[in-house]
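The primary structure of each chain is shown beneath.
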Amino acid sequence: ELVTRALGRLGDWTPAMRDGRPVDFDWRLTIRLPIEKIVRMQEAEPLLFLGEDPAESFHPWAKARIRYDSRFTSRGVEGQLHIRFYIEPDGRIAIGDVVRTPDDRLAEEVIRVIRKSKGKWTPRKVRGVPQRTAYDYRVHYHGNID
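Since the structure is predicted, the reported quantities are computational estimates derived from the model, not experimental observations.

Asks: Explain the sheet that holds strand 5 (residues 93-100) here, please?
Replies: Pairing between the strands of a sheet is mediated by backbone hydrogen bonds and can be parallel or antiparallel. Spatially, three strands are ordered 5-4-9 in an open sheet, and the strand pairing comes out antiparallel. Two strands close off the open sheet at either side, each with one partner strand: strand 5 and strand 9 (133-141). Strand-to-strand twist of the sheet, defined as the mean angle between neighbouring strand axes without regard to direction, takes the value 20 degrees. For strand 4 (residues 79-87) and strand 9, the ladder comprises nine bridges, and the chain directions are antiparallel. If you follow Arg 84 over to strand 9, its bridge partner there is Asp 136. Along the sheet, helix 3 (residues 54-63) contacts strand 4 and strand 9; its crossing angle with strand 9, the most-contacted strand, is approximately 55 degrees. Across the sheet, helix 5 (residues 104-116) is in contact with strand 4, strand 5 and strand 9; its angle to strand 4 comes to roughly 35 degrees.

What follows is the structure, given as structure tokens:
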């Protein structure tokens, strides 16, 4: 499109001439594009929790707030918990699915903590526009409170 517009601005022009006759010629056009900037604009910015990768920052934050205490350990509640939730473009948290849980009350406790994380997430951005972003939180609980 840019080349077409540039050629359109040339107005009336005549081909190269030698001794009054048109001759073949090569036309070279150099276009400089900021490729790195273009690629960065098209690549999605990552999902962040407290400004960091959530794979490394969300679990310690959540672990400090989830009350996995004698309510669960005395009843032998153990196993893998998997909850899928979404960070909306405006920063809200929407719980998607409780994919797997050893106990419904434990899932409710984890969901309570996930909801408290509202405002600490930076959703993924594509071309600078925030997108709804899914996050899968998985943790394995065992009888030891540590």
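That covers the picture; the talk isn't over yet.
Asks: Teacher, can you tell me more about the packing of aromatic side chains here?
Replies: Each aromatic ring pair is characterised by the separation of its centres together with the angle its planes make. Counting across every chain of the model gives 13 aromatic pairs. For the pair Phe 58 and Trp 121, a centre-to-centre distance of 5.2 Å together with 45 degrees between the ring planes defines the contact as tilted. You can see Phe 58 sitting in helix 3 and its partner Trp 121 sitting in strand 6 (residues 121-122), a full 63 residues away along the chain. Across the pair, Trp 121 and Phe 58 agree in class, each one buried. Aromatic pair Trp 121 and Tyr 135: ring centres 5.4 Å apart, planes at 55 degrees, arrangement tilted. With Trp 121 in strand 6 and Tyr 135 in strand 9, the pair connects residues that are 14 residues apart, well separated along the chain.

About the thresholds
- Residue numbers run consecutively from 1 along every chain, following the written order of its sequence.
- Only residues with pLDDT of at least 70 are given local features in this predicted model, and only at 80 or more are side-chain atom pairs given and counted; all residues enter the totals for whole chains, interfaces and linings.
- Only heavy atoms go into the side-chain values, all of them from the structure, while hydrogens and water stay out.
- Strands are labelled as partners when DSSP assigns at least two bridges between them.
- Only DSSP runs of H or I reaching four residues or more are called helices, and only runs of E reaching two or more are called strands; each is numbered from the N terminus.
- In this description, a line fitted to the C-alpha atoms serves as the axis of each element, helices being fitted only across the stretch in contact, and the angle between N-to-C directions of two axes falls anywhere from 0 to 180 degrees.
- Throughout, a contact is declared for two residues whenever any of their heavy atoms are within 4.5 Å.
- By convention, a stacked pair of Phe, Tyr or Trp rings (six-membered ring in the case of Trp) has centres within 6.5 Å and planes under 30 degrees apart, an edge-to-face pair has planes over 60 apart, and any other such pair is tilted.
- Using a 1.4 Å probe on the protein chains alone, a residue whose accessible area is under 20% of its type maximum counts as buried, one over 50% counts as exposed, and one in between counts as partly exposed.

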